[in-house]
Amino acid sequence: MTTDYHSHILPNIDDGSDSIKTSLKMIKMMKQQGIGIIVATPHFYMHREASLDSYLVKRQNAYEKLMAADPAVKDIHIGAEVAIEKGISVLGELEKLCISGTRLILLEPPFTQYNSWIVEEIDEIANSRRLIPIIAHVHRYMGVYSKSDLNSLMSVDAVFQINAEAFEHFSTRRFVNKLIS
Ligand SMILES: [Fe+2]
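Residues numbered from 1 in each chain as written. Predicted model: local features only at pLDDT ≥ 70, side-chain atom pairs only at ≥ 80, totals over all residues. Heavy atoms only, no water.

### Some thoughts on the packing of helix α1 (residues 20-32) against helix α2 (residues 52-69)
α2 packs onto α1 with a crossing angle of 70° between their chain directions and a minimal axis gap of 10 Å. In terms of their interaxial angle, α1 and α2 are classed as roughly perpendicular. Touching Ile20, Ser23, Leu24 and Ile27 of α1 are Lys65, Leu66 and Ala69, all from α2. For the contact of α1 with α2, the class distribution of residues is five nonpolar, one polar and one charged. (Axes fitted to C-alpha atoms, helices over the stretch in contact; angles between N-to-C directions. Helix = DSSP H or I, 4+ residues; strand = E, 2+ residues; numbered from the N terminus. Parallel < 35°, antiparallel > 145°, perpendicular 65-115°, else oblique. Contact = heavy atoms within 4.5 Å. Nonpolar A, V, L, I, M, F, W, Y, C, P; charged D, E, K, R; others polar.)

See below:
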């Protein structure tokens, strides 16, 4: 069974689905494409949220609304796409942002310039918090970070996630093939 570890299918919570109707349509399309388990990973930006608890309540409400809308919807696991910011590794109860029932946590590096603190935060999350980082859509940083900076990011002890879009272009496809091998 194929699992999609990165999606924005929960309604009205981030820049993903704008309604329950859209969410149901997205789920239907994913099922048609052979996805068995969907991990819903709404954005979590530490500096934008009032608190971790309020984010968790907001996420739970969106999830429950979607579940109530169509009893046929199942195999959706809850997670988050956690923006890597300075200090994220010491956020209390960071574990609550892991994919439910696992120690996997989806982390999104910033799209601005690379900085060494990014890797330090990831290392802390892996080594001090004992979580398993999944680095979100690594292929997207090819044009954003220099080659050596991208190599630094790729040197962390983590799982690397790619989007299907990576297979559409020659350069990202080559990058992904190298990563897989
Ligand atoms: Fe995302």
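### Structural notes on the packing of aromatic side chains
Counted under the stated rule, the structure contains four aromatic pairs. A ring pair is formed by Tyr114 and Tyr145, whose centres lie 5.4 Å apart and whose planes are at 70°; its orientation type is edge-to-face. Remark: Tyr145 occurs in the loop between β7 (132-135) and α4 (147-154) and Tyr114 occurs in the loop between β6 (104-108) and α3 (116-127); sequence separation between them is 31 residues. Both rings, one in Tyr141 and one in Tyr145, keep their centres 5.1 Å apart while their planes meet at 40°; by these two values the pair is tilted. Note on accessibility: Tyr141 and Tyr145 belong to one class, buried. These aromatic residues form a ring-pair network of at least three members: Phe111, Tyr114, Tyr141 and Tyr145. Positioned above the aromatic ring of Tyr45, the side-chain terminus of Arg48 is 4.0 Å from the ring centre. (Phe/Tyr/Trp six-rings, centres within 6.5 Å; stacked < 30°, edge-to-face > 60°. Buried < 20%, exposed > 50% of the residue type's maximum accessible area, 1.4 Å probe, protein only. Lys NZ or Arg CZ within 6 Å of the ring centre and 35° of its normal.)

### Thoughts on the environment of Phe44
Here Phe44 lies in strand β3 (residues 43-44). Sequence spacing of Phe44 and Asp14 is 30 residues, and the spatial spacing of their C-alpha atoms is 9.0 Å. Every residue in contact with Phe44, bar those within four places of it in the chain, is listed here: Glu49, Leu52, Tyr55, Glu81, Val82, Ala83, Ile88, Leu91 and Leu97.

Functional significance is not addressed by these values, which are geometric in nature.
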